[in-house]
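Chain by chain, the residues run as shown.
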Amino acid sequence: MVYPLEMRKNLRGFVADRLNLSLNDKYNKIVPVSNGIDFLGYIIRHDYMLVRRRVVNNLRAKLELFKKRLVSPTLTLPRKGGGMGGGMQ
């Protein structure tokens, strides 16, 4: 059986030798898989996946901004045949 610290040593050697990279000590903790893996805004577990709250809140804020821009009275669209090109005349 390979122990976690030995596994980390082997992984660090592989990453350094084969990939010419190094591991950041701040982010390479050995924790149980049951805690999930935090990756690209998701927490991935063996039987389900969660979206991070920050990702959902950022999406809501951006959707609200786009909604405001879409119905903004100051936004003017070019008229049909108004010389902007691309339309049939």
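Cut-offs applied
- Residues numbered from 1 in each chain as written.
- Predicted model: local features only at pLDDT ≥ 70, side-chain atom pairs only at ≥ 80, totals over all residues.
- Heavy atoms only, no water.
- Helix = DSSP H or I, 4+ residues; strand = E, 2+ residues; numbered from the N terminus.
- Buried < 20%, exposed > 50% of the residue type's maximum accessible area, 1.4 Å probe, protein only.
- Pairing = 2+ DSSP bridges.
- Axes fitted to C-alpha atoms, helices over the stretch in contact; angles between N-to-C directions.
- Patch = residues over 30% accessible without salt bridge, like charges linked within 9 Å, V, L, I, M, F, W, Y side chains within 5 Å.
- Areas by Shrake-Rupley, 256 points an atom, 1.4 Å probe, with all protein chains shown as cover.
- Salt bridge = Lys/Arg side-chain N within 4 Å of Asp/Glu carboxyl O.

Attention now goes to unusual backbone geometry. For N20, which is not glycine, the phi dihedral falls at a positive 55°. Relative to the assigned elements, N20 resides in the loop between α1 (4-18) and β1 (37-39). Phi is positive for L40, which is not a glycine, with a value near 50°. Inspection of the secondary structure puts L40 in the loop between β1 and β2 (42-44). In this structure L40 comes out as exposed when scored by relative accessible area, which is 69%.

Reading across the sheet, the 3 strands line up as β1-β2-β3 and stay open at both edges, with antiparallel pairing between neighbours. Two strands lie at the open edges of the sheet, namely β1 and β3 (49-51), each paired on one side alone. This sheet shows a mean twist of 25° between the axes of neighbouring strands, independent of strand direction. Relative to β3, β2 is paired through 3 bridges, and the arrangement is antiparallel. Along β3, the bridge assignment pairs Y42 with V51.

A word on a nonpolar patch on the surface. On the surface, a nonpolar cluster with roughly 760 Å² of combined accessible area is contributed by I37, F39, L40, Y42, I44, M49, V51 and V55. For the nonpolar patch, the secondary-structure elements that each account for two or more residues are β1, β2 and β3. For Y42, the location among the structural elements is in strand β2. In this structure Y42 comes out as partly exposed when scored by relative accessible area, which is 35%.

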